[in-house]
Amino acid sequence: MYYQSNYPQYYGGDAVYPPQYPNSGPPPPPMAMQAYSAYNVNQYQVPSSGYGNYQHPGQVPGMYSVPVVQQMHQTAVQSTQQPPQVMEMPTTTYLKTMDAHLYQYQMQKQMELMEKMEEMLRRGQDLSHKKAEEILEADKDPKPVLPEKVDNTITEEEIKATVKEEMKRVFVAELMRRQKVSGTFDMTEGTVKPFKKYDQGDPVAEWYLKHRSINVTNKPWDPECDCEYLRDAMKGLGTNDDAIIHVVSSRCNQQRQELKDMFKALYGRDLIHDIKGELSGDYKELVMALFVSPAEYDAWCIKEAIYGLGTDEQALVEILMTRTNDQIKEIRAAYPNVVHKSRVAKDTQFEKDIKDDTSGDFKRLLLSAAMGKRYEIPQNRLEQAVQEIINPQDNQGTGMFEVNYTKLCDQEKAKVEAQQLYKAGEARWGTDEETFNRIFSTRDYYQLRATWDEYVKITQRDILNSVDRETSGNFKKGLRAIVMNIRSRPMFFAEKLRDAMKGLGTDERTLIRIIVSRSEIDMVQIKECFLKLTNKTLWRWIKEDTSFNFKKLLQAIVGKN
């Protein structure tokens, strides 16, 4: 059973939130995790035969951790077909450089997968229905194949044909999984991954050897070991904060959920209650956020944005404009219990609260996002757009695959809707906000990119420029968030992190919300974009802008570049 959940909890503030963000306490204790969650990036697998003995089928989506199923960017040398061009923003050159680097890296990894598949076929092993990570993890140190064990009944032509077929199947499957997690086929990697085993020098292993006379070095992760280590850190006078920081920052969200259950089974105590009694301020808010399931935490953050003094429009935009359809559905399911734990939950409460606390075009934009009905690329259309990469030197197929974006999008529809946006804004006195809302809120990411490309041809303006000229207030902020998120989500969050820390004071609530929520999804890419924006690493900014254990835990989650 796989948990589609990896998007930890976040948000915090100073010991007390600033006046505009009334503090109603840390996030609520998490509810039971469902068997499937759209938040699961790490594809963490629950142990089926007891604690401490699970198999991890893969890591965070994307090029680095599931290397075989990468989105392949086409080049002019390799194909006449070009993906929709990203608008030329100040950061575009850097993003293209990063894409080129990933392109070379992913080709290398796909070649490794092809070699692994060929080897397995010659051994007579079946590749069907296997995931990429299962193929790569199988027999990492295989023994030499004896001549009599080699399958001589299969020809080289049959091997190549089978490998090509399996490569495309695995590629498409991974792209579909990414779309469920992030709405795009983009390659991402988090800084927090499922903890697999205790390495030499691990603090938990050293403590266990000293106090239990059991050596767990190089053994699979065992939640009981972690719980005993945490219990010792909180017993008696004082608290071993380094122990808490080590465990919390190096275990994925689903593993933290297991720790809570195991802690209660071992000691009859509530881990969250014990931790709350030991910590304080922003540090406590951050730890509490990390122990809440992703969907419930998003729901809690929306509740805080609405029920506090005034409305935190930034939080509403950031959450509702960046979550996928399935994630929105999980938020809607969790929201009534977060808002009204003491009475029967109302399914309609989510929309009602948004209606009551916002107004005008901004309200309608939020309600559209809250439906979780944005179009997605169906698998049959993706399969038609996925094509083999051709070697330009001999015009032969390479056995590796990429996405032809011109086949993925409806170009005629893009031209029509670009004209509609023009008539709704630049071509008239005033603005037809309804047309902007309809197109921006429902089209899939790649259709919108194509539409915005056509819009430039008509108006000779970037879509962001028109949004700034033709709209205003929170409605403009919402539309800008959609554009920035669809063009480059890591850059969108990098800018938000920079804004949270620049100038006098720090917006701790936004800082916690973004770092924790993206730590298992795309924090590696966010850090790269942040370095480009500021010429300093995110780790360095945190060091200079925060302090004490709050700083230590944030830095442990983010990691050095």
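Summary of the structure given here. (Residues numbered from 1 in each chain as written. Predicted model: local features only at pLDDT ≥ 70, side-chain atom pairs only at ≥ 80, totals over all residues. Heavy atoms only, no water.)

A closer look at the overall build of the protein chain
Tallying secondary structure elements over the protein chain gives 26 helices and two strands in all. Every one of the 561 residues in the protein chain was classed for burial, and the buried ones make up 56%. On the protein chain, roughly 24,400 Å² of surface is accessible, and the fraction owed to carbon and sulfur atoms is 49%. (Helix = DSSP H or I, 4+ residues; strand = E, 2+ residues; numbered from the N terminus. Buried < 20%, exposed > 50% of the residue type's maximum accessible area, 1.4 Å probe, protein only. Areas by Shrake-Rupley, 256 points an atom, 1.4 Å probe, with all protein chains shown as cover.)

With respect to the nonpolar core
One finds Leu286, Ile302, Leu382, Val403, Leu408, Phe440 and Ile515 to be the most contacted residues of the largest nonpolar core, which totals 139 residues. In contact with isoleucine 302, not counting residues within four places along its chain, are Leu316, Ile319, Leu320, Ile331, Tyr335 and Phe350. (Core = buried A, V, L, I, M, F, W, Y, C linked by side-chain atoms within 4.5 Å. Contact = heavy atoms within 4.5 Å.)

A short note on helix α9 (residues 281-290)
Most of α9 sits inside the fold, with ten of its ten residues counted as buried. When we look at burial in α9, the residues that qualify are Gly281, Asp282, Tyr283, Lys284, Glu285, Leu286, Val287, Met288, Ala289 and Leu290. Residues of α9 that are buried make contact with α6 (241-250), α7 (253-267), α8 (271-278), α10 (294-307), α23 (508-518) and α26 (548-558).

Examining the pattern of salt bridges
With the rule as written, the count across this model stands at 36 salt bridges. Between arginine 178 and glutamate 174 there is a salt bridge, and its shortest N-O distance comes to 3.3 Å. Taken together, the residues arginine 178 and glutamate 174, both in helix α3 (residues 156-182) and four residues apart, mark about one turn of the helix. Here arginine 178 and glutamate 174 have matching classes, each one buried. For glutamate 189, the salt bridge goes to lysine 193, with nearest N and O atoms at 3.2 Å. When its relative accessible area of 13% is taken as the criterion, glutamate 189 is described as buried. (Salt bridge = Lys/Arg side-chain N within 4 Å of Asp/Glu carboxyl O.)

Quick word on the packing of α10 against helix α13 (residues 349-357)
Two elements in contact, α10 and α13, have axes whose closest approach is 10 Å; the angle formed by their N-to-C orientations is 30 degrees. The pairing of α10 with α13 is recorded here as roughly parallel in orientation. Crossing geometry of α10 relative to α13 is assigned as left-handed. Residue-level inspection shows Ile302, Ala305, Ile306 and Tyr307 of α10 in contact with α13, the latter providing Gln349, Phe350, Asp353, Ile354 and Asp357. (Axes fitted to C-alpha atoms, helices over the stretch in contact; angles between N-to-C directions. Parallel < 35°, antiparallel > 145°, perpendicular 65-115°, else oblique. Left-handed = near helix turned anticlockwise from the far one by under 90°.)

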